[in-house]
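# Residue-level structure breakdown
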Amino acid sequence: MSFGYQVLGFGSGGGGTVYDVNYLVVAGGAGGGSGGGGGAGGYRTSEDSAVMEVEPGDYTITIGASSGPMPGNVPSPNGGNSIFNIITSAGGGGSPGAPGALAGGSGGAAGGAGNTPPVSPSQGNNGGPSGQSGGGGPGGGAGGVGRDSSVSGSSVEYAGGGGGGGYIPNPAPGPATDGGGNGAARTGVGSNATNGKGGGGGGNGVDGTPTNGRGGTGVVIVSAPADATLTVAPGTNTTSTAPGGEKVATFTVSGTLTVE
């Protein structure tokens, strides 16, 4: 993994040692609602833009919570934001109910706006039957495809949208990939998304009022050069060494990253 390209100057100042780190920040996904799949959490990574410059010290990490599951026609609220330093990824947009689909990192099914608030490169897409990372629409719409990241040292898929639930005359459930939850058949319960991947929850079957699927919690991964030391708290989070020698910290719950 390269550390030699453009850097974002986000260090705390004061001179001394500075590390160029790669990062992945995925927000919490939204649950499904009223047959539609939930939107995936926003996805932001140095692989799309630039490495981040950090100095030794403590950094607060926030992991976005999932939303849902919600019963029947009650719309799921948005997932929670994930934050590392000045990088914030927005929670996924909730799926439709009476208020309609919600905007978020990726939008909830049936028209929720993605990349909200807007950042460049985009953190997600609009919701719809096949919008990337958005929730799948009612009637078996597939959840949007997520993204692969290699910040951890190996390629892993994140931030897939939830599949849509079925209804007459389209009873088949919509599938999901990349951590999202599958939609349900027309009278079934939507599947939950995978925690730690920020996917959207699956939509329930529209014919009846079964429960929608829950969104997945977010994740933050930081990769530093081999000569750095990374410590995480609490111990639920982990550190590892990538095949190339980089030090990797993976956060699945909110905590503190210490860089030395």
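Bear in mind the structure is a predicted one, so any value in this text is a computation, not a measurement. The written sequence of each chain sets the order in which its residues are numbered from 1. A pLDDT threshold of at least 70 governs which residues receive local features in this predicted model, and a stricter bar of 80 or more applies before side-chain atom pairs are shown or counted, although totals over entire chains, interfaces and linings include all residues. Side-chain figures throughout are based on the complete set of non-hydrogen atoms in the structure, without hydrogens or water.

Moving on, we come to the overall build of the protein. For the purposes of this entry, the term helix denotes a DSSP run of H or I that reaches at least four residues, the term strand denotes a run of E that reaches at least two, and both are numbered from the N terminus. Of the regular secondary structure elements, the protein holds zero helices and 14 strands. Ordered by position from the N terminus, the helices and strands of the protein form the series β-β-β-β-β-β-β-β-β-β-β-β-β-β. Only the C-alpha atoms count toward the radius of gyration. The rule for a globule is 2.2 Å times the residue count to the power 0.38. Its C-alpha atoms give the protein a radius of gyration of 18 Å, within 12% of the compact-globule value 18 Å for 260 residues. Expressed along its principal axes, the backbone C-alpha trace of the protein runs to roughly 65 × 30 × 25 Å. The Shrake-Rupley method, run with a 1.4 Å probe sphere, supplies the accessible areas, and residue values consider only the shown protein chains as cover. Total accessible area computed for the protein in this model is approximately 9200 Å², and 52% of it derives from carbon and sulfur atoms.

Strand pairing in a sheet relies on backbone hydrogen bonds. The paired strands run either parallel or antiparallel. Ordered in space as S7-S6-S5-S14-S11, the five strands form an open sheet in which the pairing is antiparallel. Of all strands in the sheet, those bounded by a partner on one side alone are strand S7 (87-89) and strand S11 (230-233). Averaged over all pairs of adjacent strands, the angle between strand axes in this sheet comes to 15°, irrespective of strand direction. Examined bridge by bridge, strand S5 (residues 57-62) and strand S14 (residues 255-259) share five bridges and lie antiparallel to one another. Two strands pair under a simple rule: DSSP has to find at least two bridges between them. As a rule, the C-alpha atoms of each element are fitted with a line to give its axis, helices using only the stretch in contact, and angles between N-to-C directions run from 0 to 180 degrees.

Moving on: the environment of Gly35. Relative to the helices and strands, Gly35 resides in the loop between strand S2 (19-26) and strand S3 (43-45). Buried residues are those whose accessible area, probed at 1.4 Å on protein chains only, stays under 20% of the maximum for their type, while exposed residues exceed 50% and partly exposed ones sit between those limits. Residue class for Gly35 comes out buried when judged on its relative accessible area of 0%. A C-alpha to C-alpha distance of 30 Å links Gly35 and Ser149, two positions 114 residues apart in sequence. Contacts are residue-level and defined by heavy atoms, with any inter-residue pair within 4.5 Å sufficient. If near-sequence neighbours (up to four positions away) are discounted, Gly35 is found in contact with Gly137, Pro138, Gly164, Gly165, Gly203, Asn204, Val206 and Asn212.

The criterion is simple. A nonpolar core is a set of buried Ala, Val, Leu, Ile, Met, Phe, Trp, Tyr and Cys residues joined through side-chain atoms within 4.5 Å. Ranked by size, the top nonpolar core spans 21 residues in total, and within it Phe84, Val220, Phe251 and Leu257 carry the most contacts. Within the residue set of this core, elements represented by two or more residues are S2, strand S4 (51-54), S5, strand S10 (219-224), S11, strand S13 (247-251) and S14. A per-element tally of this core places S2 first, with four residues. In terms of nonpolar packing, the next biggest core, distinct from the first, is built from eleven residues, Ala40, Val151, Val219 and Val248 among them.

Values of pLDDT, ranging from 0 to 100, describe the predictor's confidence in every residue of the model. For the protein, per-residue confidence averages 88 on the pLDDT scale, and 91% of positions sit at 70 or higher. The low-confidence segment residues 1-14 (pLDDT under 50) makes 42 contacts with residues lying over four places distant or belonging to another chain.

Looking now at the environment of Val119. Summarising the element assignment, Val119 is placed in the loop between S7 and strand S8 (147-149). Under the relative-accessibility criterion, Val119 is labelled partly exposed at 21%. Here the alpha-carbon distance between Val119 and Asp148, two residues 29 residues apart in the chain, equals 19 Å.

Below, the discussion takes up the side chain of Ser67. Within the element layout of this structure, Ser67 appears in the loop between S5 and strand S6 (82-84). Looking at Ser67, its side chain comes within polar contact range of the main-chain nitrogen of Gly31, at 2.9 Å. Contact partners of Ser67, with chain neighbours within four places excluded, come to Gly29, Ala30, Gly31, Ser76, Pro77, Asn78, Gly79, Arg214 and Gly215. Within 3.5 Å is the distance limit for a polar contact, defined as a pair of N or O atoms, with the added protein rule that one can donate a hydrogen and the other accept it, and that residues adjacent in sequence qualify only through two side-chain atoms.

This next bit is on the pattern of salt bridges. Side chains that differ in charge, positive against negative, can pair when their charged atoms come close. By salt bridge we mean one thing: a side-chain nitrogen of Lys or Arg within 4 Å of a carboxyl oxygen of Asp or Glu. One pass over the structure, following the stated rule, counts two salt bridges. In this structure, Arg147 engages Asp48 in a salt bridge whose closest nitrogen and oxygen atoms are separated by 3.0 Å. One end of the pair, Arg147, is in strand S8; the other, Asp48, is in the loop between S3 and S4, and 99 residues separate them in sequence. Exposure remark for Arg147: the relative accessible area of 28% places this residue in the partly exposed category. The salt bridge partner of Arg186 is Asp207, with a shortest N-O separation of 3.3 Å. Of this pair, Arg186 sits in the loop between strand S9 (156-158) and S10 while Asp207 sits in the loop between S9 and S10, placing them 21 residues apart in sequence. The exposure class assigned to Asp207 is partly exposed, which follows from its relative accessible area of 28%.

With that settled, consider unusual backbone geometry. Leaving glycine aside, a negative phi is the common case for residues, and trans is the common case for peptide bonds. Thr116 connects to Pro117 through a cis peptide bond whose omega is 0°. Relative to the helices and strands, Pro117 is located in the loop between S7 and S8. Between Ser120 and Pro121 the backbone carries a cis peptide bond, its omega angle lying at -5°. Here Asn115, not a glycine, exhibits a phi torsion of approximately 50°, which is positive. Mapped onto the elements of the fold, Asn115 is located in the loop between S7 and S8. The backbone of Asp178 shows a phi angle near 60°, a positive value even though the residue is not glycine. Relative to the elements of secondary structure, Asp178 occurs in the loop between S9 and S10.

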